[in-house]
Amino acid sequence: MLKKYTFDGSRKLDLGAMNTGAKEDKVVKEEIVQKTTVNQLAIQDLQDKLYADQKEGLIILIQARDAAGKDSTIKHVMSGINPQGVDVYSFKQPTSDELAHDFLWRVNRHIPRRGKIAIYNRSYYEDVLVVQVRNLHQTYMMPKWIVEDPKFFQKRYKQIRHYEKYLHQNGYRVVKIFLNVSKKTQKERFLERIEDPDKNWKFSESDLKERKLWDQYTQAYEDAINATASKTSPWYVIPADKKWYTRYLVSQIVRKAMEEMDPQYPAMPPEQKERLAEYKAQLEEEDGPKDRKKSGKDAKPEAVNALAQTEKDTGPTEETVDPADQATGRQESAPAPDLHEPTEHKPELQVESGRPGVQDHDTLTPPETEAVVPAATHPVAALSLPDATAVQEQAARQETTIEKPTAKKPAASGRRRGHSRHRKHKGRPAAAQNPETGQEAEKKKHHFLKKHHGKHSTGQKKQNKSGQSGEAAKD
């Protein structure tokens, strides 16, 4: 398919006879889009090899009329490749500094290094296209015998051919592409740029001025392409009315050129390749001897294999978890002790009101019988507990300090005495104010009732005696 669009000097170009759309080639858009993707992947692979090989460079220059789709073609065809290996340059109206040099000077400054790709959005061909149509060479600061020479542009064609031959002989492939857009399609795209606010920036008044010179540019393109096409640097004149087809043809051209270059990953010198085993040994020695425990991702499998071997030889370890227990979140613990065996219980000291060793009713109550939990599974196994002898001695000392009833004569008024005690022990809990045992309290109660009952009996006796005396008097 590319053959009909290729011009290598063997035939003359007639733009009027060239196809600008996709209908003539009878292609299906969906198939073409898929082929474009395949070409892009192939270009990516070839570009990676080219960048590594660094023996040849590739120059892709694109020429076209306004609104032919140069920018979008570059964007889509070259997407996905390594940006380190590609340079894109746009050559617009030359600056005063560029005009002060030869016309190839500004381009020659952007020749890529071998191993890279350079894409020229417009190129040095502008100096034989727009300069010729507009007669701009007459304004150059150059001798008259040069600018007034009737063969001025024929000489430039020759200089371009020699320049491209020079580049080829220095390891550069020059691929030249002309996007052939129709006048009708250009008008549609201009209108779209005017009507779409997001595309207004693309439109310029100069575009309409150049459009008026359509025929002059057609002749200039034909002359330049026919004069500079060669076997080593051919021209590709491809249709540009349908962008999806244009992108496919450009991708096919670039892929073909890179396959002809046939870049390869560089091979290692034999003397260096012989030392690869030595280099490998040096890197492996950084981890130490082979019998040393490996680090990183190799450590875990080795530990798992060692554990599996141990269980195979000696049975499961104590840390083995039953699958059923693992499903319910329980873990096997040490066996429970035999509850039928006698166990030693230690009295438990209770703390009341901040006074250690004092219980309710001033007694030491041993805890209820409970199973002895093995130290390995007890939650406070690490804490040291006092032995029974020390606890009994401490309890005995506390009993001696408990207040005991004395033979002192009770106060004249029990209420006043109680009031005094209440004032003395104000702020203390009831258990702390009266440390007497239940038995001693009962004795005091009995003593109080007996005393009160005795007084009541004495009054009755006196009353009885008085009554008897009165009766005796009556008698």
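Just so we're clear, the structure is a prediction, and the values are computed from it rather than from any experiment.

**Side note on the nonpolar core**
Counting 74 residues, the largest nonpolar core has Ile-117, Tyr-124, Tyr-125, Ile-177, Leu-179 and Ile-238 as its most contacted members. Top element by residues in this core is helix H11 (residues 243-261). It accounts for ten residues. Those residues in contact with Ile-238 that lie beyond four places of it in its chain are Tyr-5, Ile-177, Phe-178, Leu-179, Asn-180, Thr-246, Leu-249, Val-250 and Ile-253.

**Considering the sheet that holds strand S1 (residues 6-7)**
Spatially, six strands are ordered S1-S6-S5-S2-S4-S3 in an open sheet, and the strand pairing comes out mixed. Where the open sheet ends on each side, the last strands, each with one partner, are S1 and strand S3 (86-90). Relative to strand S6 (residues 235-239), strand S5 (residues 172-180) runs parallel, the two sharing five bridges. Directly across from Phe-178, in S6, lies its bridge partner Val-237. On top of the sheet, helix H7 (residues 152-169) reaches strand S2 (57-64) and S5; it is set at about 135° to S5, its chief contact.

**Focus on helix H1 (residues 29-53)**
Helix length check: H1 (25 residues) gives 36 Å between terminal C-alpha atoms against 36 Å at 1.5 Å per residue, within 8%. Listed in full, the buried residues belonging to H1 are Ile-32, Thr-36, Asn-39, Gln-40, Ala-42, Ile-43, Leu-46, Gln-47, Lys-49, Leu-50 and Asp-53. Along its buried surface, H1 packs onto helix H2 (70-77), S3, strand S4 (117-121) and H11. One or two positions beyond H1, positive phi appears at Gln-54, with a value near 60°.

**Things to note about the packing of aromatic side chains**
If you walk through the whole model with that rule in mind, you get ten aromatic pairs. With 5.2 Å between their ring centres and 90° between their planes, Phe-91 and Tyr-120 make a pair best called edge-to-face. Here Phe-91, found in the loop between S3 and helix H3 (96-99), pairs with Tyr-120, found in strand S4; they are 29 residues apart in sequence, far enough to count as distant. Judged by its relative accessible area of 5%, Phe-91 is buried. Since its relative accessible area comes to 1%, Tyr-120 is described here as buried. Here the aromatic rings of Trp-244 and Tyr-245 are separated by 5.9 Å at their centres, their planes lie at 50°, and the arrangement is tilted. Taken together, Tyr-124, Tyr-125, Tyr-163 and Trp-235 form an aromatic cluster joined through their ring pairs. Positioned above the aromatic ring of Phe-7, the side-chain terminus of Arg-11 is 4.1 Å from the ring centre. A cation sits over an aromatic face here: Arg-156 above Phe-103, 4.3 Å from the ring centre.

**Structural notes on the packing of H2 against H11**
Viewed as axis vectors pointing N to C, H2 and H11 meet at an angle of 55°, and their least axial separation amounts to 10 Å. Comparing their axes, H11 and H2 come out oblique. Read as a crossing pair, H2 and H11 show a hand that is right-handed. Across the interface between the two elements, Ser-72, Thr-73, His-76 and Val-77 of H2 pack against Lys-243, Thr-246, Arg-247, Val-250 and Ser-251 of H11. Per-class residue counts for the contact of H2 with H11 are two nonpolar, five polar and two charged.

**Topic: the side chain of Asn-19**
Positionally, Asn-19 belongs in the loop between S1 and H1. Given the relative accessible area of 10%, Asn-19 is considered buried. Polar contacts involving the side chain of Asn-19 include one to the side chain of Tyr-5, which spans 3.3 Å. Here Gly-21 takes part through its backbone oxygen, which lies 2.8 Å from a polar atom of the side chain of Asn-19. In contact with Asn-19, not counting residues within four places along its chain, are Tyr-5, Glu-24, Asp-25, Asn-180 and Pro-239.

**Side note on the environment of Asp-87**
Within the element layout of this structure, Asp-87 appears in strand S3. Placed 25 residues apart in sequence, Asp-87 and Pro-112 show a C-alpha to C-alpha distance of 7.5 Å. Excluding anything up to four places from it in sequence, Asp-87 contacts Lys-116, Ile-117, Ala-118 and Ile-119. Within polar-contact distance, the side chain of Asp-87 engages the side chain of Lys-116 at 3.1 Å.

**A short note on the pairing of S6**
For a regular strand, side-chain orientation follows a simple rule: the groups alternate between the two sheet faces. Most of S6 is tucked away: five of the five residues are buried. Across the two faces of S6 the burial is the same, with Trp-235, Val-237 and Pro-239 and Tyr-236 and Ile-238 all buried. As paired elements, S1 and S6 share two bridges and run antiparallel to each other. Of the residues in S6, the one forming a bridge with Thr-6 is Tyr-236.

Conventions used here
Residues numbered from 1 in each chain as written. Predicted model: local features only at pLDDT ≥ 70, side-chain atom pairs only at ≥ 80, totals over all residues. Heavy atoms only, no water. Core = buried A, V, L, I, M, F, W, Y, C linked by side-chain atoms within 4.5 Å. Buried < 20%, exposed > 50% of the residue type's maximum accessible area, 1.4 Å probe, protein only. Helix = DSSP H or I, 4+ residues; strand = E, 2+ residues; numbered from the N terminus. Contact = heavy atoms within 4.5 Å. Pairing = 2+ DSSP bridges. Axes fitted to C-alpha atoms, helices over the stretch in contact; angles between N-to-C directions. Expected span 1.5 Å × (residues − 1). Phe/Tyr/Trp six-rings, centres within 6.5 Å; stacked < 30°, edge-to-face > 60°. Lys NZ or Arg CZ within 6 Å of the ring centre and 35° of its normal. Parallel < 35°, antiparallel > 145°, perpendicular 65-115°, else oblique. Left-handed = near helix turned anticlockwise from the far one by under 90°. Nonpolar A, V, L, I, M, F, W, Y, C, P; charged D, E, K, R; others polar. Polar contact = N/O pair within 3.5 Å; in protein donor to acceptor, adjacent residues only side chain to side chain.

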